[in-house]
Amino acid sequence: MSDLTPAQPQSPSESPSAPRQPRRRVLLLAGGQSEEHEVSLSSARSVLAALPQDRFEVTAVVISKQGRWLPPAETAQALGAGAAESGGEPMLQRVSDTAGYDVVFPLLHGPMGEDGTVQGLLTLAGLPFVGSGVLGSSVGMDKIMTKRVLKAAGIPQVAWREASRAEWRRDPQGVQSRAAELGFPLFVKPANMGSSVGVSRVTGAGELAEALELAFGHDRRVIVEAAAGAKPREVEVGILGNDDPVASPVGELRFDTDFYDYDTKYTGGRAEMLIPAPLPEGVSERIQELALRAYQALDCAGLSRVDFFYVEETGELLLNEINTMPGFTTTSMYPSLLQAHGLSYPELVTRLIELALEER
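These numbers were taken from a predicted model, which means no experiment stands behind them.

## As for the packing of aromatic side chains
Evaluation of the coordinates by the stated rule reveals 4 aromatic pairs. Each ring, one from Phe105 and one from Phe328, has its centre 6.1 Å from the other, and the planes form 75°; the classification is edge-to-face. One end of the pair, Phe105, is in strand β5 (residues 103-106); the other, Phe328, is in the loop between β14 (316-323) and α12 (333-340), with 223 residues separating them in the sequence. Across the pair, exposure class does not vary: Phe105 and Phe328 are buried alike. What links up through ring pairs into an aromatic cluster is the set Phe105, Phe328, Tyr334 and Tyr345.

Next up, the structure:
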């Protein structure tokens, strides 16, 4: 569609006197300290292969699991091997060397990458970057803060409770009792984590303590959510844009496991994507409208994937979460959703860089 298509430079044959546009210098950051390190590297390999070489000069830098900036040889090795364990220099010492770049693509998932930390660093360095700024990134990463903001915006969600590690240590029975008020089954999640890391489906009171211990092992704050009906359908929509964002067609995930856990997400053949989702008349439009409202309420920019539960028995739509830097391989849901809206993968990554330059 025309509102999503990247602007194409005029070719010399169309305008012989027009000067050739210099290539934009792009710094692609991948890896990072979160447990989604390997997912980020997979996304980076796809983006590196897709960015048009006649328009962009791309330098990739892998951030190790220890938060260190790897030099070119180690970066290439990490992208090939799928992980970066050690080596490199502290990231703070290297950001000052990035002034020569036009734009940064922080393709980092999870804490210490998608949560406003890197976005703040790049803002201080005066570098345009792809995706949401500090506020949208930090609030969108934190499930508790997301729910508070969306509640104020009147966007429907499942019932939920929150707890801190300090509360858990002081009064574990009280935390469990408060969680059990939601009924079973329920879901226990770290407040700041992605890819279903540290998430448990709890079917009875006897499983609560172990699930809470697991979640608190990943974050000092935990959220407990009620189930959205017996078997809700999981539907997702991609958002692209800054002040005037647009929504993609709605997609649906289908899988046989109890919930969309890490193994189901990243093991081929375990889940099926249906785009567009086969939904009753008017439901897709309602999902798109709610997703756009959530995107703007959280002050997002560039891109996000917004996930919903659709409860067929009642017709309810409940927003599950928002991902401000979703998985970005060529087969990931977000690029697939935008492809269904008319943007090829190379056009999408080009458009994201254009949006970053416009926003900053």
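## What to know about the side chain of Ser336
Among the structural elements, Ser336 can be located in helix α12. Look at Ser336 and you get buried, because its relative accessible area is 13%. A polar contact of 2.8 Å, which involves the side chain of Ser336, links it to the backbone oxygen of Ser332. Residues contacting Ser336, with those up to four places away along its chain left out, are Met273, Ile275, Thr330 and Thr331.

## Examining the nonpolar core
Ranked by internal contacts, the top residues of the largest apolar core, which has 35 residues, are Val47, Phe105, Leu240, Phe328 and Leu352. Only β1 (24-31), α1 (37-50), β2 (56-63), α2 (72-81), β5, β11 (246-255), α12 and α13 (345-359) provide two or more residues apiece to this core. Apart from the residues lying within four places of it in its own chain, the contact partners of Phe328 are Ser43, Ser46, Val47, Leu107, Leu303, Tyr334, Pro335, Tyr345, Leu348, Val349 and Leu352. If you look at the next biggest cluster of nonpolar residues, it comprises 24 residues, including Val237, Val250, Leu290 and Leu317.

## What to know about the pattern of salt bridges
Per the stated rule, a full pass over the model turns up 18 salt bridges. Between Asp142 and Arg221 there is a salt bridge whose closest N-O contact spans 2.4 Å. Taken together, the residues Asp142 in the loop between α5 (134-141) and α6 (143-152) and Arg221 in strand β9 (residues 221-226) connect sequence positions 79 residues apart. Both residues of the pair, Asp142 and Arg221, count as buried. The partner of Glu167 in a salt bridge is Arg178, with the nearest N and O atoms 3.4 Å apart. Taken together, the positions of Glu167 in helix α7 (residues 165-170) and Arg178 in helix α8 (residues 172-180) put the pair 11 residues apart, joining distant regions of the chain.

So, how was this worked out
- Residues numbered from 1 in each chain as written.
- Predicted model: local features only at pLDDT ≥ 70, side-chain atom pairs only at ≥ 80, totals over all residues.
- Heavy atoms only, no water.
- Phe/Tyr/Trp six-rings, centres within 6.5 Å; stacked < 30°, edge-to-face > 60°.
- Helix = DSSP H or I, 4+ residues; strand = E, 2+ residues; numbered from the N terminus.
- Buried < 20%, exposed > 50% of the residue type's maximum accessible area, 1.4 Å probe, protein only.
- Polar contact = N/O pair within 3.5 Å; in protein donor to acceptor, adjacent residues only side chain to side chain.
- Contact = heavy atoms within 4.5 Å.
- Core = buried A, V, L, I, M, F, W, Y, C linked by side-chain atoms within 4.5 Å.
- Salt bridge = Lys/Arg side-chain N within 4 Å of Asp/Glu carboxyl O.

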